[in-house]
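Topology and contacts: notes
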Amino acid sequence: MTIRVVLADDQALLRSAFKVLVDSDPGMEAVGEASDGAEALEAVRRLHPDVVLMDIRMPGCDGLAATRAITADPALRDVRVVILTTFEVDEYVAQALRAGASGFIGKGAEPEELLAAIRTAAKGDALLSPAATRGLIATFLAQSGPYGESTAAGGEEDGAAPAADALDALTGREREVLTLVGGGLNNDEIGARLSVSPLTVKTHVNRTMSKLGARDRAQLVVAAYENGLVRPGG
């Protein structure tokens, strides 16, 4: 199946370069472009692509607001957002991951890296290497409440379920799998670590996402860090 991609960046030259690159891959097609977040949201609702390459800093409605709108819309649940960033350790990128983005990639990445990132996101996997996870998520996401809610001095904001309550629903094995996902391991690596098949790991991952209300694997990484299952340097 062809992976359908929407390109959102306020620089026309970059969009053109990304379009040429995406269309050069026989398994992909650039089906739409947007110069700001509002246009990106409209294009996604109209075209329902598989993946959106989303710049964060755009005029008007920025990429962060557009990402939140996309991931909050049940009709767009299958759309994956990949954040385009100049600096990987960026609080706005962290907020986008909290909002449900599947990961991020630097604008200076090699062409094949960008295409591989699109394929990874389309499969529902997280675009987060262990190093990037430690450098980005551990720095910014652990400073606030679960799943994008900021934590005030008095505790969780109204309507935000405590993270510990969510983890209580997991079995011991699901908690193990969540910890290893947070450490950046893929299903094959987790299976080898736990002496189970990758298919069994996939089942545990899917059940864990369902119980935690996670959109995809990237949010499992966030949850593992927020709940202390994985720590910087661990």
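Each chain carries its own residue numbering, running from 1 in the written order of its sequence. For a predicted model such as this one, the threshold for reporting local features is a pLDDT of at least 70, and the threshold for listing and counting side-chain atom pairs is 80 or more; totals across whole chains, interfaces and linings nevertheless cover every residue. Heavy atoms from the whole structure form the basis of all side-chain values; hydrogens and water molecules are not counted.

**Quick notes on the overall build of the chain**
Each helix corresponds to a stretch of at least 4 residues labelled H or I by DSSP, and each strand to a stretch of at least 2 residues labelled E; elements are numbered beginning at the N terminus. In terms of regular secondary structure, the chain is built from 11 helices and 7 strands. Expressed as a percentage of its 234 residues, the buried residues of the chain come to 48%. Any two residues whose heavy atoms approach within 4.5 Å are treated as being in contact. The contacts in the chain between residues at least 6 apart in sequence include a share of 67% that link residues at least 24 apart. Accessible surface for the chain amounts to roughly 10,800 Å². Of this, 51% is attributable to carbon and sulfur atoms. Three labels apply to residues, based on accessible area from a 1.4 Å probe with only protein chains included: buried if under 20% of the type maximum, exposed if over 50%, partly exposed otherwise in between. Using a 1.4 Å probe, the Shrake-Rupley method yields the accessible areas, and only the shown protein chains count as cover for residues.

**Some remarks on helix H5 (residues 111-122)**
Take the residue count of a helix, subtract one, and multiply by 1.5 Å to get its expected span. For H5, with 12 residues, the first-to-last C-alpha span of 17 Å sits near the 16 Å given by 1.5 Å per residue. Regarding H5, the residues found buried are Leu114, Leu115, Ala117, Ile118 and Ala121. Buried residues along H5 cover an arc of 155 degrees about the axis, so they all sit on one side. Buried residues along H5 sit in contact with strand S1 (3-8), helix H1 (12-24), strand S2 (28-34), strand S3 (51-55), strand S4 (80-85) and strand S5 (103-106). Taking the helix axis as origin, the arc is that swept by the directions to the C-beta atoms.

**A look at the packing of helix H8 (residues 172-182) against helix H10 (residues 198-212)**
Between H8 and H10, the least distance of the axes is 9 Å, while the angle of their chain directions is 95 degrees. As summarised for this structure, H8 and H10 are arranged roughly perpendicular, according to the angle between their axes. On H10, the residues that touch Arg173, Glu174, Val177, Leu178 and Val181 of H8 are His204, Val205, Arg207, Thr208, Lys211 and Leu212. Of the residues that constitute the contact of H8 with H10, the class distribution is 5 nonpolar, 2 polar and 4 charged. Every axis in this analysis is a line fitted to C-alpha atoms, fitted for helices over the stretch in contact. Angles between the N-to-C directions lie between 0 and 180 degrees. To sort the angles, those under 35 degrees are grouped as roughly parallel, those over 145 as roughly antiparallel, those from 65 to 115 as roughly perpendicular, and the leftovers as oblique. Any residue outside Ala, Val, Leu, Ile, Met, Phe, Trp, Tyr, Cys, Pro, Asp, Glu, Lys and Arg is labelled polar, Gly included; the first ten of those are nonpolar and the last four are charged.

**Observations regarding the pairing of S5**
The side-chain alternation of S5 yields two buried faces, one formed by Gly103 and Ile105 and the other by Phe104 and Gly106. As defined by bridge partners, S4 adjoins S5 across 4 bridges and the pair is classed as parallel. Across the sheet, residue Thr85 finds its bridge partner in S5, namely Gly106. The criterion for strand pairing is that DSSP finds at least two bridges linking the strands in question.

**Let's talk about the pattern of salt bridges**
The salt bridge criterion pairs a side-chain nitrogen of Lys or Arg with a carboxyl oxygen of Asp or Glu, the two atoms within 4 Å. This model, assessed by the stated rule, comprises 10 salt bridges. Across the salt bridge formed by Lys107 and Asp9, the nearest N and O atoms sit 3.1 Å from each other. Of this pair, Lys107 sits in the loop between S5 and H5 while Asp9 is found in the loop between S1 and H1, placing the two residues 98 residues apart along the sequence. Ionic contacts of the salt-bridge type, sharing partners, join the residues Asp9, Asp55 and Lys107 into one network.

**Concerning the sheet that holds S1**
The 5 strands lie next to each other as S2-S1-S3-S4-S5, forming an open sheet whose pairing is parallel. Bordering the open sheet on either side are S2 and S5, each of which pairs with just one other strand. Averaged over all neighbouring strand pairs, the angle between strand axes comes to 25 degrees, with direction disregarded. By the bridge criterion, 5 bridges tie S3 to S4 in an arrangement that is parallel.

**A closer look at the confidence of the model for the chain**
Low-pLDDT stretches of the model should not have their predicted coordinates read in fine detail. Scored by pLDDT, the chain has a mean of 80; 79% of the residues are at 70 or more. A residue's pLDDT is the predictor's confidence in that residue, given on a scale from 0 to 100. Ignoring residues within four places in sequence, the model shows residues 144-162, a span with pLDDT below 50, making 27 contacts including any to other chains.

**Observations regarding the nonpolar core**
Among the buried residues, those of types Ala, Val, Leu, Ile, Met, Phe, Trp, Tyr and Cys that are joined through side-chain atoms within 4.5 Å form a nonpolar core. The biggest cluster of nonpolar side chains holds 24 residues, and the ones touching the most others in it are Met54, Ile70 and Ile83. Sorting elements by how many residues they give to this core places helix H2 (residues 37-47) first, with 5 residues. Formed by 20 residues, the second largest nonpolar core is a distinct cluster that contains Leu194, Leu212, Leu220 and Val230.

**Describing the environment of Arg98**
In this fold, Arg98 is placed in helix H4 (residues 91-98). Judged by its relative accessible area of 7%, Arg98 falls in the buried class. Considered as a pair, Arg98 and Ala218 are 120 residues apart in the sequence and their alpha carbons are 8.8 Å apart.

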